[in-house]
Amino acid sequence: MTTDTIPARSPARTALMMWRTPVYQADFADADDHLSQLREMILEAEKTDTGAANFGGIDAMKSSQTLLTWDHPAIEWLKARIINAVTALTTDALGAAAREVVGHGVDAEAWAVVYRSGGSLRPHTHHDSAWSGVLYVSSGRCADGDDSGYLQMLDPRPAAIGRQASPGVVRIQPIAGRMVAFPGWMPHSVQATASDSGLRIAIAWNVAYDKNWTGMS
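Criteria and cut-off values
- Residue indices follow the written sequence of each chain, beginning from 1 at its first position.
- Where totals are concerned, whole chains, interfaces and linings use all residues; where local detail is concerned, this predicted model gives features only for residues with pLDDT of at least 70, and gives and counts side-chain atom pairs only at 80 or more.
- In computing side-chain values, all of the structure's heavy atoms are included and hydrogens and water are not.
- Each helix is a run of H or I in the DSSP string that is no shorter than four residues. Each strand is a run of E no shorter than two, and both are numbered from the N terminus.
- Expected span of a helix: the number of residues minus one, times 1.5 Å.
- Exposed residues in this analysis have more than 50% of their type's maximum accessible area, buried residues have under 20%, and partly exposed residues fall in between, with area computed by a 1.4 Å probe over protein chains only.
- Salt bridge, as used here, is a side-chain nitrogen of Lys or Arg placed within 4 Å of a carboxyl oxygen of Asp or Glu.
- A pair of Phe, Tyr and Trp rings is counted when the ring centres sit within 6.5 Å of each other, with Trp represented by its six-membered ring. The angle between the planes then sorts it: under 30 degrees is stacked, over 60 is edge-to-face, the rest tilted.
- Counting as a charge over the ring demands two things of the Lys NZ or Arg CZ atom: a distance within 6 Å of the ring centre and an angle within 35 degrees of the ring normal.
- Residue contacts are defined here by distance: any two heavy atoms, one from each residue, within 4.5 Å place the two residues in contact.
- Buried residues of nine kinds, namely Ala, Val, Leu, Ile, Met, Phe, Trp, Tyr and Cys, make up a nonpolar core once their side-chain atoms join them within 4.5 Å.

Participant: I'd love a proper account of the environment of Thr87, names of residues and values included.
Facilitator: Along the chain, the position of Thr87 falls in helix H2 (residues 73-94). C-alpha separation for the pair Thr87 and Val101, spaced 14 residues apart in sequence, amounts to 9.1 Å.

Here you go:
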């Protein structure tokens with residue numbers, strides 16, 4: 001990443017924004033057919049996935065991290081959406097130099113998370129990835145004003161939290177066809193799903209440049 005140089009005197013700029021965090025969000029209008037296919041495949045695979053576990057979650061089942069190896073057009077559509085998100089975030093961070101990074105190819109892994117009644121995910125980071133994200137396949141039912149199932153982005157600055165100088169948690173609504181992506185070091189969690197909301201299904205993913213994961217380009 002580039003390093004900003006702060007000028008000794010800058011009468012036109014008396015306040016600087018430092019260490020800002022890029023977060024990507026996109027809602028895909030063409031997603032309906034792909035989402036229904038992904039939902040069907042995820043629920044079918046859950047029946048026989050011996051690597052599935054509820055690690056880090058409560059009433060939430062995480063699949064094996066091999067989803068991107070599935071041979072299906074909906075998976076190719078997902079890969080393209082991930083590349084778009086990674087390109088946007090890398091460009092924001094590196095500017096024109098992003099072409100040298102993304103152009104050499106990236107590696108990715110992805111897994112499904114199926115949340116049932118009361119399902120949630122504890123605060124965590126994805127420490128071994130450059131970028132991480134989630135695509136909402138099925139958002140379940142959510143009443144107006146209810147933040148159940150929301151993605152919660154947590155301030156990554158412990159000192160700011162300790163001094164009560166943090167703006168607090170940023171909540172993002174889970175909407176089918178919505179993708180959210182962010183740096184892997186960004187702490188985040190998932191608010192508990194309402195008891196009557198039905199199934200909520202998400203696909204989480206990591207991208208890195210030095211892993212033996214699925215090649216994306």
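There's plenty left to go through after this.
Participant: Outline H2, supporting the account with residue identities and numerical values.
Facilitator: With 22 residues, H2 should reach 32 Å at 1.5 Å per residue; the first-to-last C-alpha distance of 31 Å fits that figure. If you check which residues of H2 are buried, you get Ala74, Ile75, Trp77, Leu78, Lys79, Arg81, Ile82, Ile83, Ala85, Val86, Leu89 and Thr90. After H2 finishes, the residue Gly95 shows a positive phi value of roughly 70°.

Participant: Describe the pattern of salt bridges, naming the residues involved and giving the relevant values.
Facilitator: Under the defined criterion, the tally for this structure stands at 7 salt bridges. Between Arg157 and Asp155 there is a salt bridge, with the nearest N and O atoms lying 2.8 Å from each other. Given a relative accessible area of 43%, Arg157 falls into the partly exposed group. Given the relative accessible area of 13%, Asp155 is considered buried.

Participant: Tell me about the packing of aromatic side chains, residues and numbers included.
Facilitator: Overall, the coordinates contain 1 aromatic pair when judged by the stated rule. Note that Arg81 overlies the ring of Phe28, its terminal NZ or CZ placed 5.7 Å from the centroid. Directly above the aromatic system of Tyr115 lies the positively charged group of Arg200, at a separation of 4.0 Å from the ring centroid.

Participant: Quick one: what's the story with the side chain of Ser63, residue by residue and with numbers?
Facilitator: Counting through the fold element by element, Ser63 comes out in the loop between strand E2 (57-62) and H2. Judged by its relative accessible area of 17%, Ser63 is buried. Those residues in contact with Ser63 that lie beyond four places of it in its chain are Asp49, Ala52, Trp111 and Ala112.

Participant: Pulling in residues and values, what's your account of the nonpolar core?
Facilitator: Counting 34 residues, the largest nonpolar core has Leu38, Leu78, Met179 and Trp205 as its most contacted members. Of the residues forming this core, the biggest block, 9 residues, is contributed by H2. Setting aside anything within four residues of it in sequence, one finds Met179 in contact with Tyr24, Gln25, Ala26, Phe28, Leu78, Arg81, Ile82, Ala85, Val134, Leu135 and Trp205. Judged by nonpolar contacts, the second largest core, of 9 residues, contains Tyr136, Met153, Phe182 and Ala202.

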